Every structure is written in C-alpha cells, then in structure tokens.
Amino acid sequence: MSLRTTLLDPFSPPSGLMGQTAILVSMSGTEGFLRSAMHRFTGLGRNRRTHSGCPFAYLFLDAHPTTQRQKTYGPLTIPGLHEFQPRVSAGKNLLHAKLALLAFGPGRHTRPSILRLAVTTANWTERSARHQLELLWMIDVHLDRDSEETSEEDLSDLAAARAFIQTLAERYHVPRRGQSRSLLARRYHDLLDKVDEVAPRSTRPRFMASWDESLLSQLQTRHASQPRKNLLMCGSGFFEEPAALVHGRKPDVLRQLETLVSSSAMRVLTANPKTAGAVAPWWQAQTETDGWHLVLPLDAASRASRDLHAKFIYVGYRREASCSNGWLYLGSGNLSRRGLLLSAATQGNIETGVVLDVPGPVEDFLLMSTLFLSSDPAPTNELSERNPSPEESIDLDSLISVPPILRAWARSDAPGGGPRLELAWRDDLEPGTTVRIRWASGEPDATDACVELQPSAYLPFATAHFPATLDISNEQGTGPVWTIPVESELGHYCLPPPSPRSFEEALAALLEFPIDSEGDEDTDTPEGSDPIDPEEPSTDGPPRRHIEGSTEPRQYPLHTVMEFLEGLGTHQSGLLLDQLEDWLLHLETLLPATFTPGQTSGWKGLGLDLMETLLAPGFRPPGMTSPQARRYRSIIEHSVQSWGLRV
C-alpha cells in the first residue's frame, strides 16, 4: 500500500523473470490501460505480441452493456489478451470483483517459478490508474515449497482465488482443456493447475468472495470471538442511493458496521462529497453524530484531481496516538447493500477482498494517511446525493452482444473434406440461427470472402492458407460485427499475412531469438501518480530496407534454400536447454508463415528433402527431450506442407 505503488506494478515481472500467463478479473477494463499492462507483463511490443501466436492474459469483465462497451474485445484489439465471452448466466449479478492471478518464469513458455496474486479496489482502467485513490494488496508465491518466502497463508489465498475463478468461469464461454491442441485452452488451464500443485495444508485464507455469503457477514464471523475494539475507520468511493421513504436515515451499511466495534467506539468515515449518496441526507439531517466523524479523503500526493475509489474497513484499538491489534479489509465491495450486505446468491454483486492483520502499533496519522483519511471534516453543505455508482445505473436484465461462433480451428487434412475451418459454435444458440462470415484469405491479391452458415457447419477452403481472424455478423449483415480468432493445427493463433519484405528480412525476423524485454517506456509523471506506458511502436523486428523505385535483387532458389538451412541450423545448434520451450513455440508460430509462396515455390524442383535435413544432427536443436523432439518434427512437417513441398 505504498504511496509509490502503481496499478501497473502487478504486471511487472520479478527480477530475472518474464511474464507468462495472467488471469484478470474486473468490472471494467479500458484498451489503453490493458495495452500498457500487456506491454509491462510480456516485455513485448504490439507487433511482437500479435505474432507470438498465443494469449498471455485472459480477461473476465462484467457482462452488462454500458455506453462505452457493447461487446468484448477482439483478438487483435489488445494483442496477447483474450477476453472470454459471457454466458446468459453472467447477467445475474454485477461482476464487481477486482483481482489478478499471474505466473512468471525464466522464459515466456517455461515452467513458472513464481505465482502472484493481486487484489485491488481498482478497475483495470486509466481512470483508476491516474485519477482515483486506490488500494492494492499483492503476494508472490515461490513454487518451491521449501522456499523460506512461501507461507501456508499465501498458498491458501492462491487456492481461494483459484476457486473463485473456477466458479466465475462457469458463467463464461471458457474452452475446455481437451479441445484440440489449443494454446488458448491449455495456457489458461495450466495456470490454474500450477495453483493446485502447491495446494495448502490447512490454513484459513485471507482472500474472500461473496458467492454465498456477504462480505460483511464473513467479516462478522471471522471476528465474532474477539473483544469489541474502540476504533472503526472506513471509506468508499460510492454509497447506495437514499431510500425514498426514509430520507435522511442512517444508511443500513453503517448500522451494520457498528456491530464490529464497541458501542462507545470512535467511528471515522470518509467519502467524496460529490458522490456521498445516502450518506449526504443522513449527515445533513442529524443532530447527533452517534460517534461518527465524516472527513474528507486525503490525497498524500496533493493531486486535487484524484477522487477516492478505494473501499476499506479498519478495526482496532486506539490508545493515545497509536493503533494496535487491528485488522483491515480492502477489496471491491463498496459500502452499499449490494456491495457489502448482500451475497451474489441474494442479488448482490460478485465481490472479492482480503482481510489482513494489522498488529501494530502504528501511529494513527500514518494509518490514516495510508487509508486516505484526512482530519478535515467534510463540509455538510457541500455533500451531494448524486451517486453515479454502476451498482445503481447498470441494467442487469441486458447482456452485451456475444458472437454465435467463439473461435475456429484450421484443418488442412480433414478426412474426406479437404482444408477447412471447424467452428466452435456456442452451445446455447437458438435453433435455425444463420450467420454471415467474412474473412481475408491471405492469398496474394485476394479479396474478402463471405459465406452464410448454420450451427454444426464447417467452413471449406480451397487451399490451406487460412486467415488470422473471422468477422461474424447476423444473416442480414446488420448489427454488431464480432471478430474471432483462428487457431492453427498446431494449436497457436494463425497469423495475419506478413508485410512485404525481402527473403533476408523474413529469415532475420525468424532467427531473432531469444527476444528480450523491449523495455518499459513509462514517461515521467507527477509524484504519486500512476504512469501508463504509451502505445508501443507500430513496428518490431528488423527494419524494412526499401529504396523508392528500386526492386529486390534476383534471388535463386538454390541460394535462398541454402541460406535458410544454414541460418536455421546454425541458430538451433547454439540454443541452450532452458530456451527450447520458448524456441519451439516461436518456431511453431512463425516458421509456416515466414516466407511468401513466391519465396518458396522455386524450392520444389531442387530435389532437396527439407524434412530429412532439418531433422538431422547439426541442424536440429541439441538436447531435446522425447516430447520436444516429437513436437519439433511436427513443426517441420507442418511448415514444409504449408510451403507446398513434399514431405
């Protein structure tokens, strides 16, 4: 909870490690922040993530439409991030939880060595990062159980977060692990499996969620046996709307919070004056404070533009100028009925949070500063009932638009059917649904193609040149257009057609490995603010060499194939054992699509057996395990076939 902590910190890899896979949950997430988070997490620019062939992060957002959001993000909108499509059941409650589960390792596709859990009061948005006061709690768990830095309490929190994600996933179209060789499915489930591998023995987690029991009820149960303490401090960005028939009554949530402390306890509440909701008429109408003190939020960085958005409850003993024997709740639940008093099972929000021991002693001014509590009374005449809380404004009866087809799988050797795309139709479609599908074939000088299909149908292709995405719309071609990913036979994303480039440039891009972090491009920002990485450069890899009016020198097939074999063999022979997993995915994704048909067509008449050559010692990577060797053979066979050569 350091004042220098930023909302991008959960995405920053520990020293010497790389970001591998992440699962993000939030009510909302904006394109700008999520792009910055992906850049920070992977160390890769936009184009490199586009051509990585796999998702690095999975996103669960609330399923209800807003003025800013009518559908999920497409696969190329934020490269490397896949947002799950909601089922109808996702509309039952407002998804208000805010957390991230992340894996880090020595390579982007090696076995992870650290799992991180972050629980926050913030959405994954620029507004939360730059213009709101937020709280963040984060733990790193070393997967070596003998590590002194790993505690049973941390393992319990990981397990509880995993259970929350699994329950949430039932309300979304999450692919099953067994679906083909899909990296989209495998990387998601692999991350959750890593949590299972370090399951705790028997320790109550600090992490909690509101599926069957409200957050406040859980707090009351946790501390029922403890003596009632004499200090309550709490805050929230939003409160419930004033009740029409009992205007000016103390909000129910404050009445319930009073049960956590003694009857004579000091009670401190902070609220944004302009969004005080039911607090405003209650405070303005009362003559007795009932032990409550309403204060203004404190921005220690003195940035007047930042509003309080953090949600917290602190209970402890106050003696003179210090606090001790306390506990702190922070999380997504606002001090409102749907946020704190109701569970998801009783029409409340889906909320998460953590309860932390704060044994102290800690000086009261330091604790108040950390929790954004000032000593300045809130001006009664400036309090407003206006409450733009999404809890009150979102229509729970409506759902964002969801595509009838979720993704597609390429099949170049479908028995009896030739090349085709098999389609993952939603399992809850109305009978007789017809969709229109458009795509760019990827062939030179090809125009977009369009077909109409009904569920269970597949999409035939004349050749095995498949598009990277499909655009889906209704039968009339009106209404929303959804873009869905296409996965190759090897399980990774099909790539967009490469930009025109010479053979040497294409080969150099293939051999540019390992890819180190491209650095963090944060710019200087005022103290206490949260920097957002600017948009990454639009190009990655070797620069294009082009002179106006010039043409590429003529290249003979024998020269290019020998340059390819020598370059790839030399590069592979120098790989380290711990680089092989990353290299195989790099090769699997890029090799089939590296060269244009014009650059490989001349290889057909040379009489060379590329399969035999690239599998031979001196050309293949040394030290592969048996599974790696089988995977390497499959990659070479698929690539040679994609170039139209004999296997």
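Residues numbered from 1 in each chain as written. Predicted model: local features only at pLDDT ≥ 70, side-chain atom pairs only at ≥ 80, totals over all residues. Heavy atoms only, no water.

## Observations regarding the overall build of the protein chain
If you tally the helices and strands in the protein chain, you get 17 helices and 24 strands. By residue count, 56% of the 647 residues in the protein chain fall in the buried class. By sequence separation, contacts in the protein chain at least 24 residues apart represent 77% of the contacts at least 6 residues apart. Accessible surface computed for the protein chain: about 27600 Å², of which carbon and sulfur atoms make up 51%. (Helix = DSSP H or I, 4+ residues; strand = E, 2+ residues; numbered from the N terminus. Buried < 20%, exposed > 50% of the residue type's maximum accessible area, 1.4 Å probe, protein only. Contact = heavy atoms within 4.5 Å. Areas by Shrake-Rupley, 256 points an atom, 1.4 Å probe, with all protein chains shown as cover.)

## Overview of the pattern of salt bridges
This structure, assessed with the given rule, holds 25 salt bridges. Note that Glu83 and Arg69 form a salt bridge whose closest N and O atoms lie 2.7 Å from each other. One end of the pair, Glu83, is in strand β3 (residues 81-83); the other, Arg69, is in the loop between β2 (57-60) and β3, with 14 residues separating them in the sequence. The closest approach of N and O atoms between Arg631 and Glu581, which form a salt bridge, is 3.3 Å. Taken together, the positions of Arg631 in helix α17 (residues 626-642) and Glu581 in helix α14 (residues 580-590) put the pair 50 residues apart, joining distant regions of the chain. Since its relative accessible area comes to 17%, Arg631 is described here as buried. It is possible to trace a salt-bridge network through shared partners that takes in Glu153, Asp154, Asp157 and Arg206. (Salt bridge = Lys/Arg side-chain N within 4 Å of Asp/Glu carboxyl O.)

## Let's talk about a nonpolar patch on the surface
A cluster of nonpolar side chains, namely Leu558, Met562, Leu606 and Leu608, defines an oily patch on the protein surface of about 330 Å² accessible area. Checked against the element boundaries, Leu558 lands in helix α13 (residues 557-573). (Patch = residues over 30% accessible without salt bridge, like charges linked within 9 Å, V, L, I, M, F, W, Y side chains within 5 Å.)

## A few points about the confidence of the model for the protein chain
Of the residues in the protein chain, 88% reach a pLDDT of 70 or more, and the chain-wide mean stands at 86. Averaged over each element, pLDDT in the protein chain is lowest for helix α11 (residues 390-393) (68) and highest for β2 (98). In the predicted structure, residues 442-447 sits below a pLDDT of 50 and forms five contacts with residues beyond four places in sequence or in another chain. Confidence drops under pLDDT 50 across residues 520-531; counting only partners more than four residues distant or on other chains, this segment forms 32 contacts. (pLDDT = per-residue confidence, 0-100.)

## Remarks on the side chain of Lys98
With respect to the element layout, Lys98 can be found in the loop between β3 and β4 (99-105). Salt bridges are absent for the buried Lys98, whose nearest opposite-charge side chain, Glu351, sits at 6.1 Å. Side chain to side chain, Lys98 and Asn123 meet in a polar contact 2.8 Å long. When neighbours within four sequence positions are excluded, Lys98 is seen to be in contact with Val25, Ser26, Met27, Ala118, Val119, Thr120, Thr121, Ala122, Asn123, Lys311, Ser332 and Thr352. (Lys, Arg positive; Asp, Glu negative; His and termini not counted. Polar contact = N/O pair within 3.5 Å; in protein donor to acceptor, adjacent residues only side chain to side chain.)

## So, the environment of Pro622
Here Pro622 shows up in the loop between α16 (610-614) and α17. Setting aside residues no more than four positions away along its own chain, Pro622 makes contact with Gln572, Ser573, Leu577 and Leu580.

## Some remarks on unusual backbone geometry
In this structure, Pro361 follows Gly360 across a cis peptide bond, with omega equal to 0°. Pro514 follows Phe513 through a cis peptide bond whose omega is 0°. Residue placement: Pro514 occurs in the loop between α12 (503-510) and α13. Of note, Asn325 is a non-glycine position whose phi angle comes to about 50°, a positive value. Position of Asn325 among the secondary structure elements: in strand β14 (residues 322-331).

## Topic: the sheet that holds strand β7 (residues 136-142)
Pairing is mixed across the open sheet formed by six strands, whose spatial order is β3-β2-β1-β4-β5-β7. Every other strand in the sheet has two partners, leaving β3 and β7 as the edge strands with one partner each. Put simply, the sheet's adjacent strands are angled 15° from each other on average, direction ignored. Here β2 pairs with β3 via three bridges, running parallel. Bridge assignment links Tyr58 to a residue of β3, and that residue is His82. On top of the sheet, helix α5 (residues 183-197) reaches β1 (18-25), β2, β3, β4 and β5 (114-120); it is set at about 90° to β1, its chief contact. (Pairing = 2+ DSSP bridges. Axes fitted to C-alpha atoms, helices over the stretch in contact; angles between N-to-C directions.)

## What about the side chain of Thr352?
Topologically, Thr352 is positioned in strand β15 (residues 352-358). Residue Thr352 is classed as buried on the basis of its relative accessible area of 0%. Side-chain polar atoms of Thr352 contact the backbone nitrogen of Lys98, separated by 3.5 Å. The contact partners of Thr352, leaving out residues within four places of it in the chain, are Ala97, Lys98, Leu99, Phe164, Phe207, Met208, Ala209, Tyr329, Gly331, Ser332 and Gly333.

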